[in-house]
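Single-letter residue listing:
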Amino acid sequence: NAGVIQTPRHKVTGKGQEATLWCEPISGHSAVFWYRQTIVQGLEFLTYFRNQAPIDDSGMPKERFSAQMPNQSHSTLKIQSTQPQDSAVYLCASSLDWGWYTLYFGAGTRLSVL
Amino acid sequence: TQTVSQSDAHVTVFEGDSVELRCNYSYGGSIYLSWYIQHHGHGLQFLLKYYSGNPVVQGVNGFEAEFSKSDSSFHLRKASVHWSDSAVYFCAVIDGSSGNKLIFGIGTLLSVKP
């Protein structure tokens, strides 16, 4: 069990460029979550999927952020026209069950927008 | 919306000391509380959780937490800390009223001095 895998670990983009972050959940886990972590805001919920279906995207900035889960083995978070304020660590997590679930986190992708 | 608050941003203790990290929650019906740990440069790791039954729950590496309905608290404790316990600790609650997502507190940095 390799755990939740996030790639790349570090990504540097110029202002206005697009960034795509990848997440491979633990095999057999039914739910995938995305969080953003900054010093100022802490851990912010972005969105989550259950059995590949989007359930709640209430934390996603509406205009430039999108997330997909095309199959059970990976999810992507895409940020269009990146801005300096998008600089953060983006964390992906998966859970086996539902209800009183436990999250298993990846190591995160550090996005730096110059 | 259910939330958690962690009143201590930074706690410093010496190796071998006991420690208590505080977490208070806002009441919102069914309660699911958990603690996660994040070592520098890594993702979060699950420590323990409570949703019913014995209010004292045991976690990994000697950590335990006690749920108190009267105090609206779920404090984390360890009897004797090791330098490797230095990390950021997050209290979290499932917000059942808003999509069942896991909401994290701001975190408490625990520094263990040799």
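The structure reproduced in this document is the subject of the present report.

Cut-offs used in this document
- Residues numbered from 1 in each chain as written.
- Chains lettered and ligands numbered in written order.
- Predicted model: local features only at pLDDT ≥ 70, side-chain atom pairs only at ≥ 80, totals over all residues.
- Heavy atoms only, no water.
- Helix = DSSP H or I, 4+ residues; strand = E, 2+ residues; numbered from the N terminus.
- Buried < 20%, exposed > 50% of the residue type's maximum accessible area, 1.4 Å probe, protein only.
- Core = buried A, V, L, I, M, F, W, Y, C linked by side-chain atoms within 4.5 Å.
- Contact = heavy atoms within 4.5 Å.
- Pairing = 2+ DSSP bridges.
- Phe/Tyr/Trp six-rings, centres within 6.5 Å; stacked < 30°, edge-to-face > 60°.

### Some thoughts on the overall build of chain B
And then number 1: On a plain count of helices and strands, chain B comes out with 0 helices and 12 strands.
And then number 2: The helix and strand sequence of chain B, counted from the amino end, reads β-β-β-β-β-β-β-β-β-β-β-β.
And then number 3: When its C-alpha atoms are laid out on the principal axes, chain B stretches across 45 × 30 × 20 Å.
And then number 4: With 114 residues in all, chain B has 46% of them scored as buried.

### Quick word on the nonpolar core
And then number 1: In terms of nonpolar packing, the biggest core is built from 27 residues, with Leu 33, Trp 35, Leu 47, Leu 48, Phe 74, Leu 76 and Tyr 89 of chain B touching the most fellow members.
And then number 2: Elements with a contribution of two residues or more to this core: strand E2 (10-14), strand E3 (19-21), strand E5 (33-38), strand E6 (44-50), strand E8 (64-68), strand E9 (73-78), strand E10 (87-95) and strand E12 (108-113) of chain B.
And then number 3: Looking at this core, the element that brings in the most residues is E10 of chain B, giving 4 residues.
And then number 4: Residues within four places of Leu 48 of chain B in sequence aside, it is in contact with Leu 33, Ser 34, Trp 35, Val 57, Gln 58, Gly 59, Phe 63, Glu 64, Ala 65, Phe 74 and Leu 76 of chain B.
And then number 5: Grouped together as the second largest cluster of nonpolar side chains are 20 residues, Phe 33, Val 89 and Leu 103 of chain A together with Tyr 36 of chain B included.

### Some details on the pairing of E8 of chain B
Residues in a regular strand project their side chains so that they alternate between the two faces of the sheet.
Residues and elements named next belong to chain B.
And then number 1: The sheet contact formed by strand E7 (residues 56-58) and E8 spans 3 bridges and is antiparallel. Pairing of Val 56 across the sheet is with Glu 66, part of E8.
And then number 2: Strand direction decides the pairing type here: E8 and E9, joined by 5 bridges, are antiparallel. The residue of E9 that forms the bridge with Ser 68 is Ser 73.
And then number 3: Counting the residues in the hairpin turn of E8 and E9 gives 4 residues, including Ser 72, whose phi is positive at 50 degrees.

### Thoughts on the packing of aromatic side chains
The description of an aromatic ring pair rests on the distance of the ring centres and on the angle between the ring planes.
All names here are of chain B.
And then number 1: Using the criterion set out here, one finds 17 aromatic pairs over all chains in the structure.
And then number 2: On the basis of an interplanar angle of 15 degrees and a centroid distance of 4.4 Å, the ring pair of Tyr 50 and Phe 67 is categorised as stacked. On the criterion of sequence distance, the pair formed by Tyr 50 in strand E6 and Phe 67 in strand E8 is long-range, its members being 17 residues apart.
And then number 3: The class for Tyr 50 is buried, based on a relative accessible area of 8%.

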